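Survey of secondary and tertiary structure
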Amino acid sequence: MKTLVAGLGALGGRLAAAFLLRGLPLRGFQRPGTTLENLRNRGLRYRDGEGTLRTFALEVREDPEALGEDPADLVLLTVKATQTRGAAESIARFLKEDGLVLSLQNGLGNGEVLGEILGPRRVALGTCTYGAHRDAEGAVLWGGEGQIRFGPLREGRDLREVEETLQAVGLDARVAPDLPRTLWEKVLLNASVNPVSALLGCPNETLLAHPASLRLMRNLLREGLAAARAEGIPLEEEPLWDRILSVLRATASNRTSMLQDREAGKRTETDALGGALLERGQRHGLDLPATEALHLLLSALDGRQERKD
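This text gives an overview of the structure that appears in the document. (Residues numbered from 1 in each chain as written. Predicted model: local features only at pLDDT ≥ 70, side-chain atom pairs only at ≥ 80, totals over all residues. Heavy atoms only, no water.)

For the structure on display, the rule yields 22 salt bridges. A salt bridge links Arg42 to Glu137; the nearest nitrogen and oxygen atoms lie 3.5 Å apart. Of this pair, Arg42 sits in helix H2 (residues 34–42) while Glu137 sits in the loop between strand E9 (132–134) and strand E10 (140–142), and the two are 95 residues apart along the sequence. In this structure Glu137 comes out as partly exposed when scored by relative accessible area, which is 47%. In this structure, the salt-bridge partner of Glu237 is Arg218, at a minimum N-O distance of 2.8 Å. You can see Glu237 sitting in helix H10 (residues 237–250) and its partner Arg218 sitting in helix H9 (residues 211–230), a full 19 residues away along the chain. Given the relative accessible area of 19%, Glu237 is considered buried. (Salt bridge = Lys/Arg side-chain N within 4 Å of Asp/Glu carboxyl O. Helix = DSSP H or I, 4+ residues; strand = E, 2+ residues; numbered from the N terminus. Buried < 20%, exposed > 50% of the residue type's maximum accessible area, 1.4 Å probe, protein only.)

Turning to its location among the elements, Asp302 is positioned in helix H13 (residues 289–308). For the buried Asp302, no salt bridge exists, and the shortest N-O distance to an oppositely charged side chain is 4.8 Å, to Arg267. Residue contacts for Asp302: discarding those within four places in its chain leaves Lys266, Arg267, Thr268 and Thr270. (Lys, Arg positive; Asp, Glu negative; His and termini not counted. Contact = heavy atoms within 4.5 Å.)

With that settled, consider the nonpolar core. Among the nonpolar cores identified, the biggest contains 36 residues, and Leu44, Leu102, Ile148, Phe150, Val162, Leu166 and Leu171 are the most heavily contacted of them. In terms of residues, this core owes the most to one element, helix H1 (residues 10–21), which gives eight residues. Excluding its chain neighbours within four sequence positions, the residues that come into contact with Ile148 are Leu15, Leu104, Thr127, Cys128, Tyr130, Leu171, Asp172, Ala173 and Arg174. If you look at the next biggest cluster of nonpolar residues, it comprises 32 residues, including Ala198, Leu207, Leu220 and Leu298. (Core = buried A, V, L, I, M, F, W, Y, C linked by side-chain atoms within 4.5 Å.)

It is worth spelling out the layout of surface pockets at this point. The rolling of a water-molecule-sized probe over the atoms marks out the regions of remaining empty space. By volume, the second largest pocket amounts to about 440 Å³. For the lining of the second largest pocket, the secondary-structure elements that each account for two or more residues are helix H5 (110–118), strand E8 (123–128) and helix H7 (179–200). (1 Å grid on protein atoms, 1.4 Å probe; cavity = no way out; pocket = protein on both sides within 12 Å on 5 of 7 lines; lining within 4 Å. Points joined across faces, edges and corners; volume = space filled by probe spheres on them.)

The pairing of strands in a sheet happens through backbone hydrogen bonds and is either parallel or antiparallel. With mixed pairing, four strands are arranged side by side in an open sheet as E4-E3-E10-E9. The sheet is open, and its two borders are formed by strand E4 (53–56) and E9, each paired with just one other strand. Each neighbouring strand pair of the sheet contributes to a mean axis angle of 25°, computed without reference to strand direction. Examined bridge by bridge, strand E3 (residues 44–47) and E4 share four bridges and lie antiparallel to one another. For Tyr46, the partnering residue across the bridge sits in E4 and is Arg54. On top of the sheet, H1 reaches E3, E4, E9 and E10; it is set at about 90° to E3, its chief contact. (Pairing = 2+ DSSP bridges. Axes fitted to C-alpha atoms, helices over the stretch in contact; angles between N-to-C directions.)

Here you go:
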């Protein structure tokens, strides 16, 4: 499959490195800015879990029309949820008619936007728990092992070739038998952990070390579960809490994507996480006070950053 990664931040860079480590062809799509300049001038630099730094040459474009001259079979979409619509409009110009975009983004609502622009048959949604972050030099750093679970936005699309492609580069990737449940589990994981890490400014291991942060994350999880159950997704608290703790241990040195956005002075994905949960909770008359408090704090910080920009 002609594969392309759209959005070469920390996660996109790690996925790209998985292909390049095995010498498999891959292209990238990245909007103009510091990340694109670093990739063009210095290559994709990736430091693995053992501390080895490797540099890869990667064909990366900012012009969707140029990519459209040799369209992609598979696009791995890792841009922020705030950029989904713009990314989808670009992808429409370089995705094959029978191609597929696999969204590995955070939050709720990405599938609806992608399906509207690309057509639901060309969209798959997934979760990705591989840890990654970038250092001050722009190198992508390993942040813990994980897994990818995904499925079609519309039933009937055969994704076995996508599964085989991702497994061939060493990724723990499988088609999920129950996609809505899988997506909600990841949303609740992110909504419980990311806002706390972003506001405390600490890596995952620090969240595990303090009773107060553990209590806050558990309160957020309980509120998210209430919204999920109201939406018809029957999730249980203890297995999901155990999974959250397991992910935090496996990615102990990682700094969540929301924390990385805060540190870089970028807008966070709070609208797609806490904001989306609040919206769904309101539909069912639910009160989600912890979720609302953290969402409002992050929204205020986002607004302050936008004024500075």
